[in-house]
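# Structural characterization, general
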Amino acid sequence: MAIDREQLSQPALAVAPLLLGAEIVSEAHGEPVLVRLTEVEAYEGSLDPASHAFRGQTARNAVMFGPAGHLYCYFVYGMHWCANVTCQREGAAAGVLMRAAQILLGQDAVAARRTARLKPHLLASGPARLAAALGLDGARNGLDLLDPASPVRLRALGSGVGFQTGPRVGVAAAQDLAWRFWLPDEPSVSVYRAGGARSRRRARHT
DNA sequence: TTGTCGATTGAG
DNA sequence: TCAATCGACAAT
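Report follows, based on the coordinates.

Cut-offs used in this document
For every chain, the first residue of the written sequence is number 1, and numbering continues from 1 onward in sequence order. Naming scheme: in the order in which they are written, chains are lettered from A and ligands are numbered from 1. Predicted model: local features are reported for residues with pLDDT of at least 70 only, side-chain atom pairs are reported and counted for 80 or more only, and whole-chain, interface and lining totals are derived from all residues. Side-chain metrics in this entry use all non-hydrogen atoms of the structure; hydrogen atoms and water are not considered. Helix and strand assignments follow DSSP, with helices taken as H or I runs no shorter than four residues and strands as E runs no shorter than two, numbered in order from the N terminus. Partly exposed describes any residue whose relative accessible area lies between the buried limit of under 20% and the exposed limit of over 50%, with all areas from a 1.4 Å probe on protein chains only and scaled to the type maximum. Counted as salt bridges are all cases of a side-chain nitrogen of Lys or Arg within 4 Å of a carboxyl oxygen of Asp or Glu. Under the rule applied, a polar contact is a pair of N or O atoms within 3.5 Å (in protein, one hydrogen donor and one hydrogen acceptor; residues adjacent in sequence only if both atoms are side-chain atoms). Residue contacts follow a heavy-atom distance rule, with two residues in contact if any of their heavy atoms lie within 4.5 Å. The arc in question is the one spanned by the directions pointing from the helix axis to the C-beta atoms. Whether a residue is near a molecule or strand depends on its heavy atoms: if one lies within 4 Å, it is near. When residues are sorted by character, Ala, Val, Leu, Ile, Met, Phe, Trp, Tyr, Cys and Pro go into the nonpolar class, Asp, Glu, Lys and Arg into the charged class, and all the rest, Gly among them, into the polar class. One requirement defines pairing of two strands: DSSP has to find at least two bridges between them. The way it works is a 1 Å grid over only the protein atoms, where trapped points that fit a 1.4 Å probe form a cavity and open points with protein on both sides within 12 Å along at least five of seven lines form a pocket, and then any residue with an atom within 4 Å of a point lines it. Grid points are joined across faces, edges and corners, and a volume is the space filled by probe spheres set on the points. A pair of aromatic rings is counted whenever rings of Phe, Tyr or Trp (Trp by its six-membered ring) have centres within 6.5 Å, and the orientation is called stacked for planes under 30 degrees apart, edge-to-face for over 60 and tilted otherwise.

### Comments concerning unusual backbone geometry
The backbone of Tyr-77 sits at a positive phi, close to 60 degrees, despite the residue not being glycine. Considering the arrangement of structural elements, one finds Tyr-77 in the loop between strand 3 (71-76) and strand 4 (80-86). One non-glycine residue with positive phi stands out, namely Asp-185, at about 60 degrees. Relative to the elements of secondary structure, Asp-185 occurs in the loop between strand 8 (180-182) and helix 5 (197-205). We classify Asp-185 as exposed; its relative accessible area is 78%.

### Things to note about the pattern of salt bridges
Should the charged atoms of two oppositely charged side chains come close, the side chains can pair. Tallied over the full model, the rule gives nine salt bridges. Among the salt bridges present, the one from Glu-6 reaches Arg-89, with a minimum N-O distance of 2.9 Å. A residue pair is termed long-range when its members are at least 10 positions apart, and Glu-6 in helix 1 (residues 5-8) and Arg-89 in the loop between strand 4 and strand 5 (94-105) qualify at 83 residues. With a relative accessible area of 43%, Glu-6 lands in the partly exposed category. A relative accessible area of 46% means that Arg-89 is categorised as partly exposed.

### Observations regarding the side chain of Ser-188
Within the fold, Ser-188 resides in the loop between strand 8 and helix 5. The class for Ser-188 is buried, based on a relative accessible area of 3%. A distance of 2.9 Å separates polar atoms of two side chains, one belonging to Ser-188 and the other to Thr-38. With sequence-adjacent residues up to four places away left out, Ser-188 is seen in contact with Thr-38, Ala-100, Ala-101, Gln-102, His-121 and Ser-125.

### A short note on helix 4 (residues 127-134)
Owing to its 3.6 residues per turn, the α-helix brings residues three or four apart onto one side. Buried residues of helix 4: Pro-127, Leu-130, Ala-131, Ala-133 and Leu-134, and no others. Mapping the buried residues of helix 4 onto a view down its axis gives an arc of 160 degrees, with all of them on the same face. Turning to helix 4, the residues buried within the fold contact strand 1 (23-26), strand 2 (33-44), strand 4, strand 5 and helix 3 (107-113). Positive phi appears at Gly-135, one or two residues downstream of helix 4, with a value of about 70 degrees.

### Considerations on the protein's contact with DNA strand C
Arg-55, Thr-58, Arg-60, Phe-75, Tyr-77, Gly-78, Met-79 and Arg-193 make up every residue found near DNA strand C. Each atom of DNA strand C within 4 Å of the protein was assigned to sugar, phosphate or base; sugar and phosphate come to 62%. A class-by-class count of the residues in the surface near DNA strand C yields three nonpolar, two polar and three charged.

### So, the pairing of strand 3
With six bridges connecting them, strand 3 and strand 4 associate as antiparallel partners. Bridge pairing in strand 4 places Cys-73 opposite Ala-83.

### A closer look at the side chain of Asn-84
Relative to the helices and strands, Asn-84 resides in strand 4. Of the polar contacts made by the side chain of Asn-84, one reaches the backbone nitrogen of Leu-97; its length is 3.4 Å. Not counting residues up to four positions away in its chain, the partners in contact with Asn-84 are His-70, Leu-71, Tyr-72, Tyr-74, Gly-95, Val-96 and Leu-97.

### Section: the layout of surface pockets
Approximately 210 Å³ is the volume attributed to the second largest pocket. Here the residues of the lining of the second largest pocket are counted per class, giving eight nonpolar, three polar and three charged.

### Description of the packing of aromatic side chains
Applying the stated rule across the entire model yields three aromatic pairs. Seen in terms of ring centroids, Phe-75 and Trp-81 are 5.1 Å apart; in terms of plane orientation they differ by 50 degrees. Their pairing is tilted. With relative accessibility at 28%, the residue Trp-81 sits in the partly exposed group. For the pair Phe-163 and Phe-181, a centre-to-centre distance of 5.5 Å together with 55 degrees between the ring planes defines the contact as tilted. In this pair, Phe-163 sits in the loop between strand 6 (152-156) and strand 7 (164-166) while Phe-181 sits in strand 8, placing the two residues 18 residues apart along the sequence. In this structure Phe-163 comes out as partly exposed when scored by relative accessible area, which is 30%.

Here is the structure:
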């Protein structure tokens, strides 16, 4: 059964639980890779200082201002790609960062593409590792995850229940918000690291 | 035009 | 604990 875009056209806080346990298929590398999301984070647009869309629309974040159910890929730290599922209606920006997943299909191919040797449950643990596993980068930015013809598709949503929440990883702004969602007892869930490490390191010396 | 810093990862 | 590495954006 097809996924209704309406379900994704809500605030990120409402969409995030639905994406936990959701299945994503990618044929970006040729051979299909299928994953089940185990960890996500909500990013609201205008109200969220940690969101790329907080200061309004730019060339980079334009996809987040479009319709829900599209892929927002961004480049970070000069070397990694991360990917969001856009939500909210057209004109309102919000997204859910995909942080970790369990690989259901194509695990050997994913492992073979990596230079670092990782244990299987770590192959898609962390947003950049997950993006790499699915072959998501700037070339995939803006893809419609609900289009059957798309090489990257959202195949099923999660149940929306049975998750845990906590502060977002690596985010300096709005640390009081419990906008990270994960499935308990999933080994692929990434380790928590508080945000703003760099600026706080400088502050300690001054 | 320049300088700062990031929704991270992997090695030491 | 820290370096890698570069694009976006705010400040000049």
